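Below, each chain spelled out in residue letters.
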Amino acid sequence: MSTVLQLASTGLLQGLLYSLIGIGLYLVFTVMRVVNFAHGYFVLIGMYGVLSLGPKGFLPFLGAIVVAAAGGALVGYLVQRFLLESGLAKGGHSQLVITLSLGIAIQYLFQVLHPEPFETIPNPYPFEAFTSSGVTISAPRMAAGALSLVLVLLVSFLVYRTRIGTIIRGCSESLNGAIHVGINVRRVYRLTFALGCGLAAIAGGLLLPIQPVSPALGLELTIKAFIVVVIGGAGSLWGTVAAGVLLGLAEALGSLYAPGTFATALVYGLFFLVILVRPQGLVVRAAARITPRKSLTKVGVG
Amino acid sequence: MLDVANVAKSFGGLNVLSDVTFTAESAAITALIGPNGAGKSTLVNIIGGVLRPDGGRVRLDGEDVTGVPSATAFAKGITRTFQISGNVGGLNVFESVAVAAYRQARGYRQANALARTELERFELWEYRDQQLGSIPTALTRLVDFARAMVSRPKVLLLDEVMAGLTPHEVDLVIRQVGTCREQGVAIVMIEHVMQAVEALADHVVVLNQGQVIASGSLGDVSRNAEVVEAYLGTPPSASDDARVPADNSAKGQW
Amino acid sequence: MTNPLRYLDTPLRRVNAVVVTAALAFALVYPFLVPPPMIGVGFVALLYALRNFTWNIAGGYVGQLSLSHIVAFGTGAFSVAVLTWRHEVNAWIALVVGVLISAVVGFLISLLMSRFGVNAFFLALGTLALSLAAAGVAASWTFLGDTNGISYSGTEEGFAHLQWYVDPSGFYYTTLGFLVVITIGIAALMRFTHFGRSLPFIREDPVIAASMGIRVVRNQALAMALSMGLTSIAGTLIAQYVQIVSYESVLTVEIGVAMMVGSIIGGAGTLAGPIVAGIGIAVLEEFLRSFAVSSANVSSYTQIAYAVVVILLLRFGTGGIMPLWEAGVRAVFGTGRKPPAVPEQEQRVGELVDGRVG
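Residues numbered from 1 in each chain as written. Chains lettered and ligands numbered in written order. Predicted model: local features only at pLDDT ≥ 70, side-chain atom pairs only at ≥ 80, totals over all residues.

Caption draft 1: Up close: the overall build of chain C. Each helix and strand counted, chain C has 14 helices and two strands in total. Along the first, second and third principal axes, the C-alpha set of chain C runs to 80 × 50 × 45 Å. Considering chain C as a whole, with its 358 residues, one finds that 51% of them fall into the buried category. Long-range contacts, defined here as pairs at least 24 residues apart, represent 76% of the contacts in chain C between residues at least 6 apart. (Helix = DSSP H or I, 4+ residues; strand = E, 2+ residues; numbered from the N terminus. Buried ≥ 20, exposed ≤ 12 C-beta atoms within 10 Å, placed from the backbone. Contact = placed C-beta atoms within 7 Å.)

Printed below as a string of C-alpha cells:
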C-alpha cells in the first residue's frame, strides 16, 4: 500500500510540473492558434541552460533558472518575430513544419554540444528529502511540484486579473475586435509566445535535479505537453492543471502494471484515441473559456 | 426537374431557412433573388449536398436526393459553380475542367477532349496551362462555368456568376446559360445582376430572411410590395444593382 | 498513343527531359565509376530519394502531412527481419507482406482521421503519437526483438533473395529499379487517371473537390495506402543492407520527419523534388564524413542543416528546390508559349458582393 501512496505522491508532484509545461503551450495555442511542436524543446533549453551554468547552492540555482528562463523567452520571442509571424498571416501549415523542424534543430544542437547523455545536477535545495507515513519525497521533486503550483497560480492571476491578461484574452477571442480597440496584436503575440517558452524553460530548470537530461527528452516532453493541453484544454487554465496531474498520476501508477516502454506506448496510443474523439473540443471550448465575458476595458473574473 | 419542398435549416438556434418550396423546371432558368443574408447561398449549399437540411425534401426528377453528399449529388447530375478563393489558385485551368468531365467521359482521352471543347467554347483554350490564380478574375468565373458545364448536368446551380464581369463577358455567359437551357438543364441562378435576370429568368423566386416571399415571373414579383420593401430596406451600396425596376412593362422586355 | 515528343513543347520540358536522361544514364554507370564503398553511398542516396518520394504521394500531392510513414518503413524492415531472417521466408515475399500490411494500416489511419474530422494539425500530432506508440511496442515486444532488435541470419545471395554480401551493386540497381518504376507509375497515375488527377483538388479544397464528384475520403485513404505501402519497400531494402533491425534504427521520429522535410525542401507535390532532396542529403552526409567529422555528429549536423533549410524555405515562401529550378529555367529560356492576351478592362457591371470575388 505504501508503494501506491509513494507512487501517487510522486505522480502528483510530477503532474504539477507537467501542468506548468502544459500551461505555456496552452497559452500559445488558445491566444495565437499556434501549434508549437517545439515546446518541449524549450523545456530542454531550460534544462541545458541551468546545467551549463552549473550552479552551486540554492540561490545560484534560482538565479540560473531565471537566466535560463530569460534565455528561453528571448529565443521564443525571436522565433515568433522572425520565423512564425509572417507565416501566421498567410495561413497554411507552415508553423507546424517550422516548429517541428525547430525542435529537431534544437535537439541536435544539444546533441553536439552535450554528447554525454543523462546529465543532472545534485540537490540544490537547502533541505533534504521529506518523509512521512512511509512516503519519501526528494527535495527537488517537492520543490518542483510546489513551485509549479505557485507559478500556475501566478499565471492564472496574470491572465484573469490583470490588464495585460485581459488584453491577451481579448486577442484570443476576436482579432478584429482587438485591433479595433487599438491593441497591438503582433506585440501581444510575441509576448505570449515568449511567455510560453519562458515558462517551459523554468519547468526545465525545475526538472533538471529530478530527471537527467538528454536531447531526446525534448520530443517526449512536447508530446506530454500536448497530452495535457488536448485533454485538459476543454476547461479553463485549470483544466490544463487537472490534466497535468492526471498524466503524472497515470504515469506513476501505470508503472506498477506495465514496464517502461510498453507503458509509454500505451500512453501514446491512448493519446491517439483522444485526438480522434476530441479535436473540436480543444479550439472551440478553450476559446470560449479564455475570453472575457465583459468588455475589453473591464477586468473580468475568469 | 428539381423540386425543393419545405426546406428548413438552422445554425445554432438561428433560423436561416424556413419552409422554402419551389420547383426548377428542366430547360428553364429559375432565378433566386433576394437581399444579402436572405439564405440563398445556404439553400444552394443544401441542394448541392454541402449542407444537410434540418427539414424538408429535395427531389431530382422524382428521386429523393435530400442530404446526399456532394460527390453523390454531382454524380446524379447536380453541379454548381464556386467562388475561386486563394487556396485553389495553384490549380491548373485545364485540369479544373477535365476532372469534372469524367462524369460524362469514359477515360482519359475522352475527358480531355470534352474539356478542350468546353474551354474552346468559352474562348479559354489559350489559358489552359495557366494557374487559376494567375488569370484575370473574370476568367476564373468562366473556367468555373466551363467546369460546371462539361459535366452535362441535369441541374446547374449558378452562384452569382455575373458579378464583376464586363458587359462582353456577361453577354458571353448569358449566351452559354441559354444554350444550357436548350439542352434541357434545370438552372437555378442566384443573381444580383438584374441585366442577367431580366434576360434569362423564366421564373423568379424571391427569398428574404430565409423564406420565400414571392415567386412567379420577374414582372409579377417586382410588383409585389413585400419584395420592394425587402430591397429598399438594404443599404444603398448593396441595393444599387439589386433594385428591381418598379415598372417593367414600359421597358418592353417581355 | 500520340507521339510523346509532342509533349516536349516548352523549353522547361525539353530541359527537364535532357536533365532526366543524363541523370538516368549517369545513375546506370555510376557503380562502374566509383569504388565499392561509394556504391553503398549511392544506394543510400537512392533509398533516401525513394522514401521521400513515396511519402510525397500522400504528403505532397494530397496534403496529408503524415508522421506515420515511419511505421510503414519500420514494417518493411521488421517484415523481412521476422519472416526472412527468422523463418527463412523468401525476402521478396516478406517485401510484399510489408507492403500489404503498410497499405492496410495507411488506409485505416486515413479513414479514421476523415471519419473524426481531424484537421491538419491533429493529423500530424495523431500520426506522431501513433508512430511513437509503434516504436514503444517494438521496443517492448520480444517478437520484434524488443530493445536489442533482430540480427541478420541467412546465407543466400542474389537478386532472388534480395541480398548481396560483398558488392553493394545489387542493392544499388534494385533500388534504382524501384525508384524508376515507381516514379513512372506515379507520374502516369497522376496524369492519366481520374484518381491521380483528383488529388491536387482534394489537397487545395476538399469541398470543391467533392462538388466535382471526387470521392474525397476514399481517394485520401487510397492515396495514403499507396503511399505507405510503397514506403515499406524502402524499409525492407535498408534492413537487408544493414542486416540489423531495431526500433531505434527504423522506427524513429527523426526518419519520419526527414521524409516529410525532405519532400518539402525538394518541392512537395512535384515528382523530382523529393528525389533530388534525398540524393542531396546523402551527398551532404558523405561530404561531412569526408571531413573526418565523427559519424554521430554527421547525423546531427545534417539534421540541423535539414531543419534550417526547411525553416528558411517556409519562412520565405520559395516553395522548394524544384519550383526554384522551374522558375530559373523559365527565366533563362522563356515559357515557350505566347502569353495569352489579357482582355481590356471594360466597364464592369454587377456587384462584387461581400468582396468574395478574387
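There is more to say after this.
Caption draft 2: Structural detail: the sheet that holds strand 5 (residues 63–64) of chain B. Residue and element names in this part refer to chain B. With respect to topology, four strands assemble into an open sheet ordered 2-1-4-5, the strand pairing being antiparallel. In the strand order of this sheet, the two ends are held by strand 2 (14–24) and strand 5, each with one partner. In this sheet, strand 5 lies alongside strand 4 (residues 55–60) in antiparallel orientation, the contact comprising two bridges. Note that in strand 5 the partner of L60 across the bridge is E63. Along the sheet, helix 1 (residues 40–48) makes contact with strand 1 (2–11), strand 2 and strand 4, crossing strand 1 at roughly 115°. (Pairing = 2+ DSSP bridges. Axes fitted to C-alpha atoms, helices over the stretch in contact; angles between N-to-C directions.)

Caption draft 3: Seen up close, the confidence of the model for chain C. Residue and element names in this part refer to chain C. Per-residue confidence for chain C gives a mean pLDDT of 87, with 91% of residues at or over 70. No element of chain C has a lower mean pLDDT than helix 13 (residues 295–316), at 86, and none a higher one than helix 9 (residues 216–242), at 95. Every residue in residues 343–358 is under pLDDT 50, and counting partners more than four places away or in other chains gives 36 contacts. Interface confidence for the predicted complex, expressed as ipTM, amounts to 0.82; the pTM equals 0.85. (pLDDT = per-residue confidence, 0-100.)

Caption draft 4: Representation of unusual backbone geometry in the model. Backbone geometry at B:E160 places phi at a positive 50°, although glycine is not the residue there. Residue classification places B:E160 among the buried residues on the basis of 25 C-beta atoms within 10 Å.

Caption draft 5: How the structure looks around the packing of helix 5 (residues 139–161) of chain A against helix 6 (residues 163–173) of chain A. Residues and elements named next belong to chain A. Between helix 5 and helix 6, the shortest axis-to-axis distance is 5 Å and the interhelical angle comes to 75°. Comparing their axes, helix 6 and helix 5 come out roughly perpendicular. Here L158, V159, Y160 and R161 of helix 5 come into contact with helix 6, specifically with I164, G165, I168 and R169. Here the contact of helix 5 with helix 6 is built from residues that sort into five nonpolar, one polar and two charged. (Parallel < 35°, antiparallel > 145°, perpendicular 65-115°, else oblique. Nonpolar A, V, L, I, M, F, W, Y, C, P; charged D, E, K, R; others polar.)

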